[in-house]
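Here are the chains, one letter per residue:
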Amino acid sequence: MLYLHIENQKTKVTMEREVNFYQRLFAGNIKLDGDVIIGDPCYFGRNNDEINNVITKVKPGWYEAFFYEVDYGKSGGSREMALEIFFKDMPEKEKDYLCFDEEIGRVPVDAGMVCAFDFGYIENNMRGENGEYSEDWYQKMCNITLRSFHGEEGYDCDIYEDRGVVTPSGWGDGCYPVFVAKDGDDVVGIRVVFTGDF
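The rules behind the values
Residues numbered from 1 in each chain as written. Predicted model: local features only at pLDDT ≥ 70, side-chain atom pairs only at ≥ 80, totals over all residues. Heavy atoms only, no water. Phe/Tyr/Trp six-rings, centres within 6.5 Å; stacked < 30°, edge-to-face > 60°. Helix = DSSP H or I, 4+ residues; strand = E, 2+ residues; numbered from the N terminus. Buried < 20%, exposed > 50% of the residue type's maximum accessible area, 1.4 Å probe, protein only. Pairing = 2+ DSSP bridges. Salt bridge = Lys/Arg side-chain N within 4 Å of Asp/Glu carboxyl O. Contact = heavy atoms within 4.5 Å.

Colleague: Would you take a moment to explain the packing of aromatic side chains for this structure?
Modeller: The way to describe two aromatic rings as a pair is by their centre distance and the angle between their planes. Per the stated rule, a full pass over the model turns up seven aromatic pairs. Ring centres of Tyr63 and Phe87 lie 5.4 Å apart, and the angle between their planes is 70 degrees; on these two criteria the pair is classed as edge-to-face. Of this pair, Tyr63 sits in strand β6 (residues 61–71) while Phe87 sits in strand β7 (residues 78–87), and the two are 24 residues apart along the sequence. Its relative accessible area of 1% is what places Tyr63 among the buried residues.

Colleague: Mind showing me how you'd approach the pairing of strand β12 (residues 174–183) here?
Modeller: Looking down a regular strand, the side chains alternate between one sheet face and the other. Of all 10 residues in β12, seven are buried, a share of seventy percent or more. Both strand β8 (residues 102–109) and β12 contribute to a ladder of seven bridges, which runs antiparallel. Across the sheet, residue Pro108 finds its bridge partner in β12, namely Cys175. Pairing geometry for β12 and strand β13 (residues 186–193), over six bridges, is antiparallel.

Colleague: Just to check I follow, could you spell out the pattern of salt bridges for this structure?
Modeller: Oppositely charged side chains can pair when the atoms bearing their charge come close. In the structure shown here, the tally under the stated rule is six salt bridges. One salt bridge in this structure joins Arg191 and Glu84, with 2.6 Å as the shortest N-O distance. Remark: Glu84 occurs in strand β7 and Arg191 occurs in strand β13; sequence separation between them is 107 residues. Notably, a salt bridge pairs Glu102 with Lys182, separated by 3.4 Å at the nearest N-O pair. Of the two residues, Glu102 sits in strand β8 while Lys182 sits in strand β12, which places them 80 residues apart along the sequence. For Lys182, a relative accessible area of 43% corresponds to the partly exposed category.

Colleague: Looking at this model, I keep getting lost on unusual backbone geometry. Mind explaining?
Modeller: Glycine aside, negative phi is the norm for most residues, and most peptide bonds take the trans geometry. The backbone phi angle of Glu161 is positive, close to 50 degrees, even though this residue is not glycine. Mapped onto the secondary structure, Glu161 falls in the loop between β10 (158–160) and β11 (164–168). Glu161 sits in the partly exposed class, given a relative accessible area of 48%. One non-glycine residue, Asp162, lies in the positive phi region at around 60 degrees. Along the chain, the position of Asp162 falls in the loop between β10 and β11.

Colleague: I'm lost on the environment of Val192 in this one. Help?
Modeller: For Val192, the location among the structural elements is in strand β13. Given a relative accessible area of 1%, Val192 falls into the buried group. The sequence separation of Val192 and Ser169 amounts to 23 residues, and the corresponding C-alpha distance is 9.1 Å. Among all residues touching Val192, those that are not within four sequence positions of it are Ile38, Met81, Ala82, Leu83, Tyr176, Pro177 and Val178.

Structural data, given as structure tokens:
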């Protein structure tokens, strides 16, 4: 029997949970033009580097987005363990050996979800007339991550208009590490980890 150690960085609560299985699931493809913003969508639009990580020098092109889902059975149901984004045109063997050894920051979460979007797309398409980020867009992110709660089909992690991905953040609110993998100076992989032993 496998047990997974969970640590919530925000509340500093640790626990041991029984794990039935986990699986890697393909969310879809997204197009990134250079800079990527990662954070809780409730904070998007606020000029604060501590709550939104803007990753620069991301290799432009198409990326594959995956999420890892773990089943804790009766003790917790299905939860997302991690979100990963890989440069699509990289050989599969190289993807398997990518080294996510550089932690570039942490994502504070208060809405139970994390987004990774092309920064230029967000800046050009998600602001309302007053310059603030659209409440309508935020509600769309919520609706995606609450599909199973509402009994709808599809995963709670999904692609939005081919320019970003949104996922529930494992056990909900907390502060989660963001790692990158590089090819030279270019970022070619991004990982957000929601459980301590991923």
